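Coordinate analysis (summary)
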Amino acid sequence: MHAIKPSTKALLLAASLIALSACSKQEPASGTIPAPAKQAELPAPSAPRVGVNLPDFTSLIEAHGPAVVNISTTQTVNARSRRGDMPLPQEDDPLFDFFRRFMPQQPRNYQAQSLGSGFIIASDGTILTNAHVVADADEVTVRLTDKREFKAKVLGSDKRTDVAVIKINADKLPIVTLGQPAQLRVGEWVVAIGSPFGFDNSVTAGIVSAKGRSLPEENYVPFIQTDVAINPGNSGGPLFNMRGEVVGINSQIYSRSGGYMGISFAIPIDVAMNVAKQLQQNGKVSRGRIGVQIQPLSQELAQPFGLKSTDGALVSMVEPGSPAARAGMQPGDVILKFNGEPVKGSSELPLIVANVHPGSKVPVQIWRRGQSLALSVTVAEMPTEKVAANQPAEPATAKIQRLGLQISDLDAEQKNELGMHGGVLVENAEGDAAKAGVQEGDVIVAINSVATPSVAAFNKVLGKTGPGTVALLIAREGNTLYLPMRIR
């Protein structure tokens, strides 16, 4: 007998009966409807919150935008020939006629144009901008938001702060409201209006990234750093806070490409207005000076001077006959307060001193050899230009090696050339000395504020100094600075 294979229909019927049997075992009591299986409850999706904490700049721009102006300048520039610096052949040269006919010279001069921004600070047409916007300009043109154009006169400019004041012949103009940069908070929203690449009255926004920034070669401006998009043409334009007050002048950007890269700097408006007031009244800016060179006080340098904090400005040189010298200030002093203002860092001191009116006698608190002293200095006026000396030392013959230093006495000729009374010349620096930054050609003037006019004096001071960090006063190419060096 052959086995019979069940058909497909039979298999399906059997499966259905099994399924019905299983369901009948779980059926509820007669007359009730089975409830659907309960699913896990999921949290309801929250509705997106549109516009929360996002600032609205429209009212600010409508109210204060008309006081922002576009500035264009023209300047006569000497042109090079189209062939670069290659001169024409002499008249007796066979090629002279060819060059004269087919490669003609460009005009010697041509008119160059540049663009910038500014803002009206008085209804009579007084405008604030950057000094570099109008520098060396033969003609300055100001265009208002209503498309009116005026020729402007430069009332004065100050390169050190990059501030300029110009004026147009107009009246009843809209003006900006000035704010207080000291009240700015890092992270606060700010707005810039200007003419980047010539696009008039462009608005960009961002936040305050930092305050009191010091930049190389810019010792008289505590810049406001922002991430507001600033590009060529924005220079001289205003930086607004959210109350519609001008808190700065957009001046510089940090860039490797020449365009915006996320870091912009503005001149605080209080600094700019102080400069503008002096330019309008006197045609120049008077700044105080005391005749010292200073450097930051690092933690390594603070220890040898007996200081627990790095606040203050370390004096590395005092100019002979200067106000600081007459007041008794010495290299190695740390200026803690000037005219009652705390000096938290060396970058703050130039601005504090510059803001003191020349001729004023002010108190100075210094730290010297482990104790606080009070001095009084009469502030002098800063000259217009200052030329730094650059007189490197020549090799000497007498040598002595100690602590990784190869040093020698300065001879009479070297002292005369360097304008120094004494010191030891570094002929070679290795080991800890090289790590500290001591270089060949440096002159070591003092150790921990104790003068070392000769090798003998250097060794004597060093012999009394135990293991630890010492501060070497170094003279280098006309300047002086302290370097911390580890003594083992």
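Please refer to the structure placed before this passage.
Throughout what follows, the structure given in this document is the object of discussion. None of these values were measured; they are calculated from a predicted model.

What follows deals with the overall build of the protein chain. Within the protein chain one finds 11 helices and 28 strands. Relative to its 488 residues, the protein chain shows a buried fraction of 41%. Partitioning the contacts of the protein chain with sequence separation of at least 6, the portion at a separation of at least 24 is 61%. Of the roughly 28100 Å² that the protein chain leaves accessible, carbon and sulfur atoms contribute 53%.

For the rest of this paragraph, the subject is the environment of F197. Considering the arrangement of structural elements, one finds F197 in the loop between β8 (189-194) and β9 (202-215). The exposure class of F197 is exposed, given its relative accessible area of 55%. Sequence separation of F197 and N234 is 37 residues, and the distance between their C-alpha atoms is 8.0 Å. Once residues lying within four places of it in the same chain are set aside, the contact partners of F197 are L115, N231, P232 and G233.

Because each turn of an α-helix spans 3.6 residues, side chains separated by three or four positions end up pointing in the same direction. Those residues of helix α11 (residues 455-463) that fall on the buried side of the exposure criterion are V455, A457, F458, V461 and L462. For α11, the angular spread of the buried residues around the axis is 160°, confining them to a single face. With respect to the buried face of α11, the exposed residues turned more than 90 degrees away are A456, K460 and G463.

The next point concerns the nonpolar core. Within soluble globular proteins, side chains that are nonpolar generally end up buried alongside one another. Ranked by internal contacts, the top residues of the largest apolar core, which has 27 residues, are F119, L128, F240 and I267. With six residues, helix α5 (residues 269-282) is the largest single contributor of residues to this core. Sequence-distant contacts of F240, that is, excluding residues within four places in its chain, are made with L60, H64, V68, V176, W189, V190, V191, I193, E245, V246 and V247. Counting 21 residues, the second-largest nonpolar core is a separate cluster that includes A324, I352, V353 and L375.

On to the packing of aromatic side chains. Scanning all chains against the criterion turns up three aromatic pairs. Here the aromatic rings of F305 and Y482 are separated by 5.2 Å at their centres, their planes lie at 85°, and the arrangement is edge-to-face. Here Y482 lies in strand β28 (residues 479-487) and F305 lies in the loop between α6 (299-302) and β16 (313-318), a separation of 177 residues in the sequence. For the pair F305 and Y482, a shared accessibility class is recorded, and that class is buried. Positioned above the aromatic ring of Y220, the side-chain terminus of R287 is 5.4 Å from the ring centre.

The residue D136 is not glycine, and still its phi comes out positive at about 60°. With respect to the helices and strands, the residue D136 is situated in the loop between α4 (131-134) and β4 (139-143). Residue classification places D136 among the exposed residues on the basis of a relative accessible area of 61%. Although it is not a glycine, F197 sits at a positive phi angle of roughly 55°.

Summed over the entire model, instances satisfying the criterion amount to 10 salt bridges. The residue R289 makes a salt bridge to E319 at a minimum N-O spacing of 2.8 Å. Linking R289 in strand β14 (residues 288-289) with E319 in the loop between β16 and α7 (323-326), this pair joins segments that are 30 residues apart in sequence. For E319, a relative accessible area of 18% translates into the label buried. Each of R143, E149 and D200 takes part in a single network of salt bridges with overlapping partners.

It is the rolling of a water-molecule-sized probe over the atoms that shows where space remains empty. One number sums up the size of the second largest pocket: a volume of about 450 Å³. If you trace the second largest pocket, you find 24 residues lining it, with P222, D270, V271, L351 and N355 closest to the centre. Mapped onto the lining of the second largest pocket, the elements with two or more residues apiece are β9, β10 (218-226), α5 and α8 (349-354). Ranked by the residues each element gives to the lining of the second largest pocket, the list is headed by α5, at five residues. For the lining of the second largest pocket, a count of residues per class yields 14 nonpolar, seven polar and three charged.

Now for empty space enclosed by the protein. Enumeration according to the criterion identifies one cavity of 30 Å³ or more in this entry. Of the volumes computed, that of the largest cavity is approximately 30 Å³. Around the largest cavity, the lining residues are Q330, P331, G332, D333, R368, R369 and S449.

Along the chain, the position of V271 falls in helix α5. Residue classification places V271 among the buried positions, given a relative accessible area of 14%. Distance in space between the C-alpha atoms of V271 and G248 is 8.9 Å, their sequence separation being 23 residues. The contacts of V271, once residues within four sequence positions are left out, are Y220 and P222.

In this section: the pairing of β8. The element β8 is extensively covered by neighbouring structure, given that five of its six residues are classed as buried. Across three bridges, β8 lies against strand β11 (residues 238-241) in antiparallel orientation. Paired with V190 across the bridge in β11 is N241.

Burial analysis of β10 places seven of its nine residues in the buried class, which makes it a mostly covered element. For β9 and β10, the ladder comprises four bridges, and the chain directions are antiparallel. The residue of β10 that forms the bridge with R213 is F223. With three bridges joining them, β10 and strand β13 (residues 264-268) adopt antiparallel strand pairing. Residue pairing across strands places T226 opposite S264, the latter belonging to β13.

Within the secondary structure, S316 is located in strand β16. When near neighbours in sequence (up to four residues on either side) are disregarded, S316 contacts Q293, I294, Q295, P331, L473, T480, L481 and Y482.

Definitions and cut-offs
- Residues numbered from 1 in each chain as written.
- Predicted model: local features only at pLDDT ≥ 70, side-chain atom pairs only at ≥ 80, totals over all residues.
- Heavy atoms only, no water.
- Helix = DSSP H or I, 4+ residues; strand = E, 2+ residues; numbered from the N terminus.
- Buried < 20%, exposed > 50% of the residue type's maximum accessible area, 1.4 Å probe, protein only.
- Contact = heavy atoms within 4.5 Å.
- Areas by Shrake-Rupley, 256 points an atom, 1.4 Å probe, with all protein chains shown as cover.
- Arc of directions from axis to C-beta.
- Core = buried A, V, L, I, M, F, W, Y, C linked by side-chain atoms within 4.5 Å.
- Phe/Tyr/Trp six-rings, centres within 6.5 Å; stacked < 30°, edge-to-face > 60°.
- Lys NZ or Arg CZ within 6 Å of the ring centre and 35° of its normal.
- Salt bridge = Lys/Arg side-chain N within 4 Å of Asp/Glu carboxyl O.
- 1 Å grid on protein atoms, 1.4 Å probe; cavity = no way out; pocket = protein on both sides within 12 Å on 5 of 7 lines; lining within 4 Å.
- Points joined across faces, edges and corners; volume = space filled by probe spheres on them.
- Nonpolar A, V, L, I, M, F, W, Y, C, P; charged D, E, K, R; others polar.
- Pairing = 2+ DSSP bridges.

This is a description of form; function is not addressed.
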